[in-house]
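Architecture and fold: a report
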Amino acid sequence: MVNGTGTAGAAAKERLRFDNLEQHLLLKNGNYLYKVPFRGGLAVLKVYEGSRTWLEYAMKTCGNVLVCNQTSFMPRARRRTELDCLKLWRDAGFRVFGTYDDVEVEGIDPTLWALYEYVPRPKLIDLLGRKEVSLEQRLALWRGFLPVWHRRHALAIERREPRFVHENGDLKHVMVLEDGSYLQFDFEMVFRSRSRVKEFVAREILSFLKSLGKTVGEHDLDAFMAETVRSYPDRELLRHTHAFAFANPNPILRLARAIDYRIKPRAQKPFSKYNVARRLAQALGGS
């Protein structure tokens, strides 16, 4: 069954066997994603134990937990986190991948994989990057996403729920469905602190706007920034991105970002989080 609604009572799970998974390889990105035949169609088998060594997993986990206030990078932990977030987002009315919970896959540790619905739809990053499509059409796509985006941010802050914040916020993690709705994905890691949710939301906004700038380019970004200011329902939250980048109340973080901005070459790039924050603040003006 799809949408994570559980198994069919005490019924035995359907057993899946794939003698040659490599022929179904869809993507290898630290995980292994396989596009597999399933019930007359297709599904995506995600195996969370990827190409990294256990030392690499452990080192990344230390950085996540001790420095970044994020969850573990270990394979089983990433699977648990992702399935947990899928249920949370789905229950809140956001479109995410459905899951098939009533199956078993032979030969793979059940704590290391999940089976997801296959959704052959374009990503928002691809659609907004098509310069042959008119600017107004691309702005309309972005305009449609903004209320969905904001509703999630508002829920995160209202409930003090960091799992509603996309840790890896990027246009490539949003699909546009046939009915015009937006499917979001990639929830392997999340932030942990319930007292820093507004900060995490500001970080995510800047992450998406960085991705937006790189996608639409310098020539069109002003129009997309203006649309963001016009159609994102909470301008105060947009303004908070500048405070996140330049005026964090934590003096250690504020100093670290000031040093980062001054000495790292990537911080001076047109679409760094700092320059995107400045550009958004300019677009907001006195509004």
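This report concerns the structure included in the present document. (Residues numbered from 1 in each chain as written. Predicted model: local features only at pLDDT ≥ 70, side-chain atom pairs only at ≥ 80, totals over all residues. Heavy atoms only, no water.)

**Looking at the overall build of the protein chain**
Spelled out, the test is: Secondary structure elements are taken from DSSP: a helix is a run of H or I of four residues or more, a strand is a run of E of two residues or more, and numbering for both begins at the N terminus. C-alpha atoms define the radius of gyration in this analysis, and the globule rule sets the expected value at 2.2 Å times the number of residues to the power 0.38. Exposure classes here rest on a 1.4 Å probe applied to the protein chains alone. A residue is buried below 20% of its type maximum, exposed above 50%, and partly exposed in between. Here, residues are in contact when the closest pair of their heavy atoms is within 4.5 Å. Values of accessible area rely on a 1.4 Å probe in the Shrake-Rupley scheme; residue burial ignores everything except the protein chains shown. Lys and Arg are tallied as positive, Asp and Glu as negative. Neither His nor the chain termini are counted. One atom stands in for each charge, and that atom is NZ of Lys, CZ of Arg, CG of Asp or CD of Glu.
In terms of regular secondary structure, the protein chain is built from eight helices and eight strands. Taking 287 residues into account, the globule formula puts the C-alpha radius of gyration at 19 Å, and the protein chain, at 20 Å, falls close to it. Counting only C-alpha atoms and orienting by the principal axes, one finds that the protein chain spans roughly 60 × 45 × 35 Å. The buried share of the protein chain, reckoned over its 287 residues, is 48%. A separation of at least 24 residues holds for 66% of the contacts in the protein chain among residues at least 6 apart in sequence. Total accessible area computed for the protein chain in this model is approximately 14,100 Å², and 54% of it derives from carbon and sulfur atoms. Side-chain charges in the protein chain split into 47 positive and 34 negative, and the spacing between the mean points of these groups amounts to 6 Å.

**Focus: a nonpolar patch on the surface**
The criterion, for reference: Grouping into patches uses exposed residues only, defined as over 30% relative accessible area, and leaves out salt-bridged ones; the cut-off is 9 Å for like charges and 5 Å for nonpolar side chains (Val, Leu, Ile, Met, Phe, Trp, Tyr). Every case where a carboxyl oxygen of Asp or Glu lies within 4 Å of a side-chain nitrogen of Lys or Arg is listed as a salt bridge.
A contiguous nonpolar patch, built from Val 65, Leu 66 and Val 67 and spanning about 320 Å² of accessible area, is present on the exposed surface. Tracing the sequence through the fold places Val 67 in the loop between helix H1 (54-66) and helix H2 (75-91).

**Here we look at helix H7 (residues 251-263)**
Our working definition: How far a helix is expected to stretch is found by multiplying one less than its residue total by 1.5 Å. Within this analysis, the arc is defined by the directions that extend from the helix axis to the C-beta atoms. Think of a polar contact as two N or O atoms within 3.5 Å of one another; within protein, one of them needs to be a possible hydrogen donor and the other a possible acceptor, and neighboring residues in sequence only count if both atoms come from side chains.
Helix length check: H7, at 13 residues, gives a terminal C-alpha distance of 18 Å against a target of 18 Å (1.5 Å per residue), a fit within 8%. Three or more residues of H7 are buried, namely Arg 257, Asp 260 and Tyr 261. What you see down the axis of H7 is that its buried residues fit within an arc of 95 degrees, all on one side. H7 presents Ile 252, Leu 255, Arg 262 and Ile 263 as exposed residues on the side facing more than 90 degrees away from its buried surface. As for H7, its buried residues are in contact with helix H5 (197-231), helix H6 (235-246) and helix H8 (273-284). Its side-chain oxygen at 2.9 Å from the backbone nitrogen of Ile 252, Asn 250 defines the N-terminal cap of H7.

**So, the nonpolar core**
What counts, and what does not: By nonpolar core we mean a set of buried residues, namely Ala, Val, Leu, Ile, Met, Phe, Trp, Tyr and Cys, connected to one another through side-chain atoms within 4.5 Å.
Leu 124, Trp 142 and Leu 212 are the most contacted members of the largest nonpolar core, which totals 64 residues. Per-element accounting of this core gives the leading share, 14 residues, to H5. Those residues within four positions of Trp 142 in sequence are excluded, and the remaining contacts are Leu 124, Leu 128, Trp 149, Leu 171, Leu 209, Leu 212, Phe 224, Glu 227 and Thr 228. Grouped together as the second largest cluster of nonpolar side chains are 16 residues, Ala 43, Tyr 100, Val 103 and Trp 113 included.

**Brief notes about the environment of Lys 172**
Tracing the sequence through the fold places Lys 172 in the loop between helix H4 (135-159) and strand S7 (174-176). Counting along the chain gives 20 residues from Lys 172 to Arg 192, while the straight-line C-alpha distance between them is 23 Å.

**With respect to the pairing of strand S3 (residues 32-38)**
The side chains of a regular strand alternate, first on one face of the sheet and then on the other. The condition that has to hold: When DSSP locates at least two bridges between a pair of strands, those strands are taken to pair.
Counted residue by residue, S3 has five buried out of seven residues, so it is predominantly covered. Counted along the chain from strand S2 (residues 25-28) to the antiparallel partner S3, the turn is three residues long, and its residue Gly 30 has a positive phi close to 95 degrees. Alignment of S3 against strand S4 (residues 41-47), held across seven bridges, turns out to be antiparallel. Looking at S4, one finds that Lys 35 is bridged to Val 44.

**Overview of the packing of aromatic side chains**
Heads up, the rule is: Under the pairing criterion, centres of Phe, Tyr and Trp rings, with the six-membered ring standing for Trp, must be within 6.5 Å; the plane angle then separates stacked pairs below 30 degrees from edge-to-face pairs above 60, leaving the rest tilted.
Within the structure shown, the criterion is met by 20 aromatic pairs. Ring geometry for Tyr 57 versus Phe 73: centroids 5.7 Å apart, planes at 45 degrees, classification tilted. Taken together, the residues Tyr 57 in helix H1 and Phe 73 in the loop between H1 and H2 connect sequence positions 16 residues apart. For Tyr 57, a relative accessible area of 1% gives the class buried. Given a relative accessible area of 7%, Phe 73 falls into the buried group. Arranged with centres 5.8 Å apart and planes meeting at 55 degrees, the rings of Phe 246 and Tyr 274 form a pair that is tilted. A residue pair is termed long-range when its members are at least 10 positions apart, and Phe 246 in helix H6 and Tyr 274 in helix H8 qualify at 28 residues. Owing to a relative accessible area of 24%, Phe 246 belongs among the partly exposed residues under this scheme.

**Quick look at the state of the cysteines**
Note the following rule: Here, a disulfide means two cysteine sulfur atoms that sit within 2.5 Å of each other.
In the structure shown here, the tally under the stated rule is zero disulfides. There is no disulfide at Cys 85, and the cysteine sulfur nearest it, in Cys 68, is 17 Å away.

**Examining the pattern of salt bridges**
Tallied over the full model, the rule gives 27 salt bridges. Measuring nitrogen to oxygen at the nearest pair gives 3.9 Å for the salt bridge that ties Glu 161 to Arg 194. Residue Glu 161 is located in the loop between H4 and S7, and its partner Arg 194 is located in the loop between strand S8 (182-184) and H5; the two are separated by 33 residues in the primary sequence. A residue is classified by how much of its surface remains accessible, and Arg 194, at 41% relative accessible area, is partly exposed. Here Glu 199 makes a salt bridge to Arg 196, at a shortest N to O gap of 2.8 Å.

**Some thoughts on the side chain of His 150**
Note that His 150 resides in helix H4. Ignoring anything within four residues of it in the chain, the contact list for His 150 reads Tyr 232, Pro 233 and Asp 234.

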